[in-house]
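Listed below, chain by chain, are the residues.
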Amino acid sequence: QVQLVESGGGLVQAGGSLRLSCAASGIIFSRKTMGWYRQAPGKQREMVAIIGPTGGTNYGDSVKGRFTISSDNTKNTVYLQMNSLKPDDTAVYYCNVVATRYWGQGTQVTVSS
């Protein structure tokens, strides 16, 4: 059984920071590519950041330079550090084992002006 449990969402002021966590179970974490995605009302779900099993990363254009994805294989946890948050970052953020149907429940991030 694969389970992804997210935490860390909340309400922050523009310019603030937030760190999301995704704790995974039921997978060989070190062999997987993990990702963060987000979806705002009326918009398609978009890739925010991914990290591969060797530590390589990719970011969506809208978050480059502001967000950082990292992972701790010993804890089976992936993180998303979000800095310089903007109101446009407001969305539900989801953790995913990339290219699979394994998704977390989503956590709401709201950035106020």
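This text goes with the structure placed above it.
Since we're looking at a predicted model, the values are computed, not measured. (Residues numbered from 1 in each chain as written. Predicted model: local features only at pLDDT ≥ 70, side-chain atom pairs only at ≥ 80, totals over all residues. Heavy atoms only, no water.)

Looking at the pattern of salt bridges
Applicable threshold: In the sections that follow, a salt bridge refers to a side-chain nitrogen of Lys or Arg positioned within 4 Å of a carboxyl oxygen of Asp or Glu. Every helix listed is a DSSP run of H or I at least four residues long, and every strand listed is a run of E at least two residues long, numbered separately from the N terminus. Between buried and exposed lies partly exposed: a residue is buried under 20% and exposed over 50% of the maximum accessible area for its type, with that area taken using a 1.4 Å probe on protein chains only.
Under the criterion given, the structure shown has four salt bridges. Asp89 is the salt-bridge partner of Arg38, the closest N and O atoms lying 2.9 Å from each other. One end of the pair, Arg38, is in strand S4 (residues 34-39); the other, Asp89, is in the loop between strand S8 (77-82) and strand S9 (91-97), and 51 residues separate them in sequence. Exposure class is identical for Arg38 and Asp89. Each is buried. Here Arg66 and Asp89 are joined by a salt bridge, their closest N and O atoms 2.7 Å apart. With Arg66 in the loop between strand S6 (57-59) and strand S7 (67-72) and Asp89 in the loop between S8 and S9, this pair connects stretches of sequence that are 23 residues apart. No difference in accessibility class separates Arg66 from Asp89, as the two residues are buried.

Considering the state of the cysteines
Note the threshold: Cysteine sulfur atoms are paired as a disulfide whenever they come within 2.5 Å of each other.
If you walk through the whole model with that rule in mind, you get one disulfide. Here Cys22 pairs with Cys95 through a disulfide, and the sulfurs are 2.1 Å apart. Between Cys22 and Cys95 the disulfide shows an S-S torsion of about -80°. By sign, it is left-handed. On the criterion of sequence distance, the pair formed by Cys22 in strand S3 (residues 18-25) and Cys95 in strand S9 is long-range, its members being 73 residues apart. For Cys95, a relative accessible area of 0% gives the class buried.

What to know about the nonpolar core
The line we're drawing: Residue types Ala, Val, Leu, Ile, Met, Phe, Trp, Tyr and Cys, when buried and joined through side-chain atoms within 4.5 Å, form a set referred to as a nonpolar core. We call two residues in contact when some of their heavy atoms are within 4.5 Å.
Ranked by internal contacts, the top residues of the largest apolar core, which has 27 residues, are Met34, Trp36, Val78, Leu80, Met82 and Tyr93. Broken down by secondary-structure element, the contributors of at least two residues to this core are S3, S4, strand S5 (46-51), S7, S8, S9 and strand S10 (107-112). Those residues in contact with Met34 that lie beyond four places of it in its chain are Leu4, Ile27, Phe29, Ala49, Ile50, Ile51, Ile69, Val78, Cys95, Asn96, Val97 and Val98.

Considering unusual backbone geometry
The backbone of Asn76 sits at a positive phi, close to 50°, despite the residue not being glycine. Relative to the helices and strands, Asn76 is located in the loop between S7 and S8. One non-glycine residue, Ser84, adopts positive backbone phi at about 50°. Since its relative accessible area comes to 41%, Ser84 is described here as partly exposed.

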